[in-house]
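The lines below spell out each chain.
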Amino acid sequence: MVSVSASAVSRSTERSAKLHAALGKGLDVQEELDLLDSGAQGRSIQKEIVQLGSAEVPLYVGEYWESKQRSSSSLHEVSYRACFKANLPRFFIELLTLPGERVYDPFAGRGTTLVEAALLGRTIAANDINPLSRILSEPRVSPPTQSEVASRLSEIFESTVSELPNSIDLSMFYHDETLKDMLHLRSYLWTRRESHAEDYIDKWIRMIATNRLTGHSPGFFSVYSLPPNQAVTADAQIKINEKLGQIPDRRDVQAIILKKSKSLLSDVSNQVRSLMEPVAHSAIWSNSDSRNTPDVPSSSISLVVTSPPFLDIVNYAADNWLRCWFNAIDIERIESQISVPRKISQWENVMRETMRELFRVLCDGGMVAFEVGEVRKGKVRLEEHVLPLGLEVGFVCEAIMINSQEFTKTANIWGVKNNLGGTNSNRIVIFRKPGD
Ligand SMILES: C[S@@+](CC[C@H](N)C(=O)[O-])C[C@H]1O[C@@H](n2cnc3c(N)ncnc32)[C@H](O)[C@@H]1O
């Protein structure tokens, strides 16, 4: 008889076992139903084996994490279209990685996965085709102190800078004096970036200003408008102003930045800073197409937690024109690169190549949690399209999970209808790269 010591269990086997234990809570379907029949409150899980093409895959439905926004760090409070909540990456990072292992998001967006991984002491790699992604993510892994921000802002507004030309009329959004301050800050940041002098404090200020450009409340630089992640066109803003009978009032750019900075830093203790410091030093920031990411080394990643662009639901370039203007980024170049395929076959082609690239960068036994949204009112189930793509490039599918805040035991869980159109549910395909 061969005895196997605990240390002989591979990381791959360990990850897989932990995943199924957490997803299934160790109960089979009958035990789950008994639990529900007993009227027990709290979390319950449903599990089915589903047949998709030639693959049989366990499907789990349950409430695996809380939906409350405030259950995560203040550092996440930055808006971005189609971002997920921090609880989602936290669930997988805690379950499937150890401190020091590298976590990657090839569609990083506002950097939810990376910020959460850094807060948990994991090494990180980020990629997004949109350069705004790094602008929004990197500073939150190296946060300055509030007093550093305050003194840098005073220095900036006391200094003279050579003006970066602006040819766009923004008078429908901003009071003249507000715009003057914004142009001054924009020119300062541009000069610092171009002369390679931009440091972590400048980057923090850039990130906040980029987030305060437009919004509903006096906490933004603009008159009442849509949030910064959905910037309206100048013409649409003129209509909003006419409808509301408003003209842009003076806003205090410095005070607005300071206030948001304070709120973002409210959960950042010294302990958090010292945990994140080494993570920031070894971080990889890539700005490539997800299909070809030469900055991310082969076999370097333990876990991918990501959500891809979903068909034509979000137009990242149109939503971000004002943010690109502020950061002197060429919007047309981005527009031509960001994939918003309208046909499922085109989307599949992009994702197949992305999967192939993920297979390259993952270490043996590494995992992918691939979150797909609810598309076209549930008529398109992207998880069914993702699964064969992953299998095709060599992954094993560990499970499909649906995190849903509300579901009933009577629903057929594969076609589960309740609540899945809302923002509270996530559909996730989990793959493993074979080997140890
Ligand atoms: C659904 S969002 C990701 C949001 C992210 N999970 C978060 O919480 O912020 C998808 C991201 O994919 C990026 N993207 C679209 N096409 C891409 C491509 N071909 N390669 C890399 N990134 C791409 C978009 O710029 C966008 O930031």
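Shown above is the structure to which this text applies.
In this text the structure is predicted, and so the values were computed from the model without any measurement.

The rules behind these values
- Residue positions are counted from 1 within each chain, in the order its sequence is given.
- The model is predicted, so local features are restricted to residues of pLDDT at least 70 and side-chain atom pairs to those at 80 or more, both for listing and for counting; the totals for chains, interfaces and linings are taken over all residues.
- Numbered from the N terminus, helices here are DSSP runs of H or I no shorter than four residues, and strands are runs of E no shorter than two.
- What a helix is expected to span follows from its residue count: subtract one and scale by 1.5 Å.
- Contacts here follow a simple rule: the backbone-placed C-beta atoms of the two residues must lie within 7 Å.
- Axis definition: a line fitted to C-alpha atoms, limited for helices to the stretch in contact. Angles are taken between N-to-C directions and run from 0 to 180 degrees.
- Every angle not falling under 35 degrees, over 145, or within 65 to 115 is termed oblique; those three ranges are roughly parallel, roughly antiparallel and roughly perpendicular.
- Each residue gets one label: Ala, Val, Leu, Ile, Met, Phe, Trp, Tyr, Cys and Pro are nonpolar, Asp, Glu, Lys and Arg are charged, and the others, such as Gly, are polar.
- Strand pairing is assigned whenever DSSP identifies at least 2 bridges connecting the two strands.
- Should the C-beta atom of a residue, placed from the backbone, lie within 6 Å of a molecule or strand, that residue is near it.
- Think of it this way: the bend at a residue is just the angle between two axes, each fitted to seven residues, one set ending at that residue and the other starting at it.
- Residues with at least 20 other C-beta atoms within 10 Å of their own are called buried, those with 12 or fewer are called exposed, and the rest are partly exposed. The C-beta atoms themselves are positioned from the backbone.
- Here, the term right-handed applies to a crossover whose path from the first strand over the helix to the second runs clockwise when the strands point away from the viewer.

A. Summary view of helix H7 (residues 176-194). Relative to the 27 Å expected for 19 residues at 1.5 Å per residue, H7 spans 26 Å between its end C-alpha atoms, a close match to the ideal helical length. Looking at the buried residues of H7, the elements they touch are helix H6 (146-158), helix H8 (200-211), helix H10 (253-264) and helix H13 (321-326). Following H7 by one or two positions, histidine 196 adopts a phi angle in the positive range, close to 55 degrees.

B. A look at the packing of H6 against H8. Direction vectors running N to C along H6 and H8 enclose 85 degrees, while the axes themselves pass 10 Å from each other. With respect to each other, H6 and H8 are oriented roughly perpendicular. Contacts from Glu148, Val149, Arg152 and Leu153 of H6 reach H8 at Ile201, Trp204 and Ile205. Classifying every residue of the contact of H6 with H8 by side-chain character gives five nonpolar, no polar and two charged.

C. Structural detail: the sheet that holds strand E10 (residues 396-403). Across the sheet, which stays open at both edges, the nine strands sit in the order E1-E2-E10-E11-E7-E6-E3-E4-E5 with mixed pairing between neighbours. Both edges of this open sheet fall to strand E1 (45-52) and strand E5 (284-286), since each of them pairs with a single strand only. This sheet shows a mean twist of 20 degrees between the axes of neighbouring strands, independent of strand direction. Bridge analysis of strand E6 (residues 301-306) against strand E7 (residues 362-372) gives five bridges, and the strand direction is parallel. Residue leucine 303 lies in a different strand from E7, and its bridge partner there is methionine 367.

D. Molecular detail of the site of the ligand. With respect to spatial proximity, 20 residues lie near the ligand, and among them Cys83, Phe107, Gly109, Thr112 and Asn130 are the closest. Looking at the shell around the ligand, its residues break down into ten nonpolar, seven polar and three charged.

E. Here's a closer look at helix H11 (residues 270-282). Between its terminal C-alpha atoms H11 stretches 19 Å, which fits the 18 Å expected from 13 residues at 1.5 Å a residue. Helix geometry: H11 is bent most strongly at methionine 276, by close to 30 degrees, with proline proline 278 lying one to four residues after it.

F. A look at the pairing of strand E4 (residues 123-127). Among the five residues of E4, five are classified as buried, and the element is accordingly described as predominantly covered. Burial along E4 is two-sided: Thr123, Ala125 and Asn127 and Ile124 and Ala126, pointing in opposite directions, are all buried. Across four bridges, strand E3 (residues 102-105) lies against E4 in parallel orientation. Bridging across to E4, valine 103 finds its partner in isoleucine 124. At this point the chain moves from E3, through helix H4 (residues 112-119), to the parallel E4, and the crossover so formed is right-handed. Note that E4 and E5 share three bridges and pair parallel. Its bridge partner being in E5, alanine 125 is matched across the sheet by isoleucine 284.

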